[in-house]
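# Observations on chain architecture
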Amino acid sequence: MYELSEITERIKSLVAARDILQDEYTKSEFHRKKEENPDTTVPSEPEDKEIYKLLTAIQQLEVFIKKFQDMQLDLLRKHDE
């Protein structure tokens, strides 16, 4: 079982990694096209393959952040009992 401080550090690391990837995504041409035309589908281009990998990585980081936040909450609840 993880200690609260370890979970907190893992969350911070995951959030930092997600923020870096999110920043890279917002700099992309794909993101710019999506922002200009939010209600339409942006046609896929060969270089978009890397953007989809980036978005997948961001989503996976979100999953792990949520997992560790849930663990953190459980530990805090047990501590309060």
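Please refer to the structure placed before this passage.
Rules used throughout
Residues numbered from 1 in each chain as written. Predicted model: local features only at pLDDT ≥ 70, side-chain atom pairs only at ≥ 80, totals over all residues. Heavy atoms only, no water. Helix = DSSP H or I, 4+ residues; strand = E, 2+ residues; numbered from the N terminus. Rg over C-alpha atoms; globule rule 2.2 N^0.38 Å. Axes fitted to C-alpha atoms, helices over the stretch in contact; angles between N-to-C directions. Parallel < 35°, antiparallel > 145°, perpendicular 65-115°, else oblique. Left-handed = near helix turned anticlockwise from the far one by under 90°. Nonpolar A, V, L, I, M, F, W, Y, C, P; charged D, E, K, R; others polar. Phe/Tyr/Trp six-rings, centres within 6.5 Å; stacked < 30°, edge-to-face > 60°. Buried < 20%, exposed > 50% of the residue type's maximum accessible area, 1.4 Å probe, protein only. Lys NZ or Arg CZ within 6 Å of the ring centre and 35° of its normal. Salt bridge = Lys/Arg side-chain N within 4 Å of Asp/Glu carboxyl O. Core = buried A, V, L, I, M, F, W, Y, C linked by side-chain atoms within 4.5 Å. Contact = heavy atoms within 4.5 Å.

Here we take up the overall build of the protein. Scanning the protein for helices and strands turns up three helices and zero strands. Along the protein, helices and strands appear, N-terminal first, in the series α-α-α. Over its C-alpha trace the protein gives a radius of gyration of 17 Å, far above what one expects of a compact globule, namely 12 Å for 81 residues. Counting only C-alpha atoms and orienting by the principal axes, one finds that the protein spans roughly 55 × 20 × 15 Å.

Remark: helix H1 (residues 4-26) packs on helix H3 (residues 48-80), axes separated minimally by 9 Å, with the N-to-C direction vectors making an angle of 160°. Viewed along their axes, H1 and H3 adopt a mutual orientation that is roughly antiparallel. For H1 against H3, the interelement crossing comes out left-handed. For the contact of H1 with H3, the per-class residue count stands at 20 nonpolar, four polar and four charged.

Enumeration over the complete set of coordinates arrives at two aromatic pairs. Aromatic side chains Tyr25 and Phe30 sit 6.4 Å apart centroid to centroid with 55° between the ring planes, which places their arrangement in the tilted category. Phe30 matches Tyr25 in its accessibility class, with the two residues each being buried. Judged by its relative accessible area of 7%, Phe30 falls in the buried class. Cation over ring: Lys67 sits above Phe68, and NZ or CZ is 5.5 Å from the ring centre.

Enumeration over the complete set of coordinates arrives at 10 salt bridges. For Asp19, the salt bridge identified is with Arg18, shortest N-O distance 3.2 Å. Residue Asp19 is classed as partly exposed on the basis of its relative accessible area of 40%. Residue Arg18 is classed as buried on the basis of its relative accessible area, which comes to 18%. Across the pair Glu24 and Lys27 runs a salt bridge whose closest N-O atoms are separated by 3.8 Å. On the basis of relative accessible area, Glu24 is assigned to the partly exposed category, the value being 42%.

Among the nonpolar cores identified, the biggest contains eight residues, and these are Ile7, Ile11, Leu14, Leu61, Ile65, Phe68, Met71 and Leu75. Contributing elements (two or more residues each) for this core: H1 and H3. Tallying contributions element by element places H3 first for this core, with five residues. Beyond its immediate sequence surroundings of up to four residues, Met71 is in contact with Tyr2 and Ile7. Residues Tyr25, Phe30, Ile51 and Ile58 belong to the second largest nonpolar core, which totals five residues.

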